Amino acid sequence: ARGRFLAFLDADDLVPPSAYRHMVKSLQSSGSDFSVGSVARLKNGRLARTAWTEPVHRRDQIGITIDDFPTALLDVIACNRMFRREFWIDKVGGFPEGMVYEDHVPMVKAYLRAQSFDLLAKTTYHWRVREDLSSTGQQKHVLANLSDRVIVKAEALELVRREASAQVFSAWVGRVLDT
């Protein structure tokens, strides 16, 4: 990527019109390292909010840190975000290969290492629920899926233990235990 901003998208999901424009404008205005929009699940042509979008994306919070709002850790998917490319390369680095839930640890890194980020109330991602039940999140009954979830959570826990404040560490542990 060579542009100033970077976003990710799963091939079967959708980005609402003007979502990227909204996130870029937020970053241009705030100077933050990344922005995170709200998410809607798309099932059978209908949109519904996820349980964690309400506490995280209730209202715009511009130029905040993870210490200001540890609840942001409820939202660790990659595709509802816009990053400054330089921040991504310097502070986050990429995704691990060969496992599911590969976005969790890099998103936690982003929260922990950002000088500031923007949480947006606007929905910037339509996350498809596959009718054939074949998506990663619908495979929680498969042992390999569970194994990857445990590995990812353990890696994120070590990262949070090393780099986060006590308040953020407690929020992360509460999130994982609730999961």
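Along each chain, the written sequence defines residue order, and numbers are assigned to residues from 1. The model is predicted, so local features are restricted to residues of pLDDT at least 70 and side-chain atom pairs to those at 80 or more, both for listing and for counting; the totals for chains, interfaces and linings are taken over all residues. As a rule here, side-chain values cover all heavy atoms of the structure and leave hydrogens and water aside.

Draft legend 1. Examining unusual backbone geometry more closely. Backbone geometry at Ser18 places phi at a positive 70 degrees, although glycine is not the residue there. For each residue, the accessible area found with a 1.4 Å probe, counting protein chains only, is set against the maximum for its type, and the residue is called buried under 20%, exposed over 50%, and partly exposed in between. Since its relative accessible area comes to 31%, Ser18 is described here as partly exposed. Positive phi outside glycine occurs at Asn44, with the angle close to 55 degrees. Looking at the secondary structure, you find Asn44 in the loop between strand 2 (34-43) and strand 3 (46-49). Only DSSP runs of H or I reaching four residues or more are called helices, and only runs of E reaching two or more are called strands; each is numbered from the N terminus.

Draft legend 2. Summary view of the side chain of Arg81. Along the chain, Arg81 turns up in strand 5 (residues 81-84). Here a polar contact is recorded for every N or O atom pair within 3.5 Å, except that within protein the pair must consist of a potential hydrogen donor and a potential acceptor, and residues adjacent in sequence are included only if both atoms are side-chain atoms. At a separation of 3.2 Å, a polar atom in the side chain of Arg81 contacts the side chain of Tyr111. We call two residues in contact whenever any of their non-hydrogen atoms come within 4.5 Å of each other. Not counting residues up to four positions away in its chain, the partners in contact with Arg81 are Leu6, Ala7, Met23, Phe34, Ser35, Val36, Asp75, Val76, Met107 and Tyr111.

Draft legend 3. Main features of the packing of helix 3 (residues 85-92) against helix 4 (residues 104-113). Helix axes are fitted to C-alpha atoms over the stretch in contact, other axes to C-alpha atoms as well, and angles between N-to-C directions run from 0 to 180 degrees. Packing of helix 3 against helix 4 leaves a shortest axis separation of 10 Å and a crossing angle of 100 degrees. Comparing their axes, helix 4 and helix 3 come out roughly perpendicular. When helix 3 is examined against helix 4, the residues Phe87, Trp88, Lys91 and Val92 are found in contact with a partner set consisting of Pro106, Met107, Lys109, Ala110 and Arg113. When grouped by side-chain class, the residues that make up the contact of helix 3 with helix 4 number six nonpolar, no polar and three charged. An angle below 35 degrees is read as roughly parallel, one above 145 as roughly antiparallel, one from 65 to 115 as roughly perpendicular, and any other as oblique. Under the convention adopted here, Pro, Cys and the residues Ala, Val, Leu, Ile, Met, Phe, Trp and Tyr are nonpolar, Asp, Glu, Lys and Arg are charged, and Gly plus all remaining residues are polar.

Draft legend 4. Geometry of a nonpolar patch on the surface. Any residue with relative accessible area above 30% and no salt bridge may belong to a patch, with like charges joined within 9 Å and the nonpolar Val, Leu, Ile, Met, Phe, Trp and Tyr side chains within 5 Å. Using the Shrake-Rupley algorithm and a 1.4 Å probe, accessible areas are obtained, with residue cover drawn only from the displayed protein chains. Salt bridge criterion: a side-chain nitrogen from Lys or Arg within 4 Å of a carboxyl oxygen from Asp or Glu. A contiguous nonpolar surface patch, about 310 Å² in accessible area, is contributed by Leu143, Leu146 and Val150. Mapped onto the fold, Val150 is located in helix 5 (residues 143-163).

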